[in-house]
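Per-entry structural report
Chain residues, written in single-letter form:
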Amino acid sequence: MAVKQKLEKEIAELTRAKKALKECKARFRTLTETAACLIDICRLPGIVRDTTERKQTQAQLLHNAFHDALTGLPNRTLFMERLGRAIEYSKRHKNLGLTH
């Protein structure tokens with residue numbers, strides 16, 4: 001019984017460590033690439049900033065601008081922007097059949 005409990009404890013610790021490593025890798029990917037290169041490859045001094053929060057905020061602002069706050073559905077602004085793109089695309093690719 002004690003062996004089973006030790007194994008369960010070890011599995012739980014490994015699961016937590018795996019989750020923490022995954023989060024760390026995700027945050028590292030969002031670091032400024034140039035600064036990471038300076039530090040890791042060139043061994044030059046530099047400043048590294050974690051841009052995760054800024055990127056998440058930008059994504060949320062963009063979502064808020066193009067979606068209804070109550071329903072989360074796309075709004076008229078997004079529709080008009082996509083329609084404009086489709087019209088411009090159809091002008092460049094006339095053989096697709098979308099015309100105005």
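Structure shown above.
So, a few notes on the structure that sits alongside this text. (Residues numbered from 1 in each chain as written. Predicted model: local features only at pLDDT ≥ 70, side-chain atom pairs only at ≥ 80, totals over all residues. Heavy atoms only, no water.)

Turning our attention to the side chain of Ser90. With respect to the helices, strands and loops of the structure, Ser90 is situated in helix α4 (residues 76-92). A residue is classified by how much of its surface remains accessible, and Ser90, at 6% relative accessible area, is buried. Here the side chain of Ser90 touches Ile87 through a polar contact of 2.7 Å, landing on its backbone oxygen. (Helix = DSSP H or I, 4+ residues; strand = E, 2+ residues; numbered from the N terminus. Buried < 20%, exposed > 50% of the residue type's maximum accessible area, 1.4 Å probe, protein only. Polar contact = N/O pair within 3.5 Å; in protein donor to acceptor, adjacent residues only side chain to side chain.)

Moving on: the pattern of salt bridges. One pass over the full model with this rule turns up 2 salt bridges. For Arg85, the salt bridge goes to Glu81, with nearest N and O atoms at 2.6 Å. Residue Arg85 and its partner Glu81 are located together in helix α4, separated by 4 residues, close to a single helical turn. A relative accessible area of 53% means that Arg85 is categorised as exposed. Note on Glu81: relative accessible area 28%, which makes it partly exposed. Among the salt bridges present, the one from Lys91 reaches Glu88, with a minimum N-O distance of 3.6 Å. Of this pair, Lys91 and Glu88 both sit in helix α4, 3 residues apart, which is roughly one turn of the helix. For Glu88, a relative accessible area of 40% corresponds to the partly exposed category. (Salt bridge = Lys/Arg side-chain N within 4 Å of Asp/Glu carboxyl O.)

Function cannot be read off these values alone, since they describe shape.
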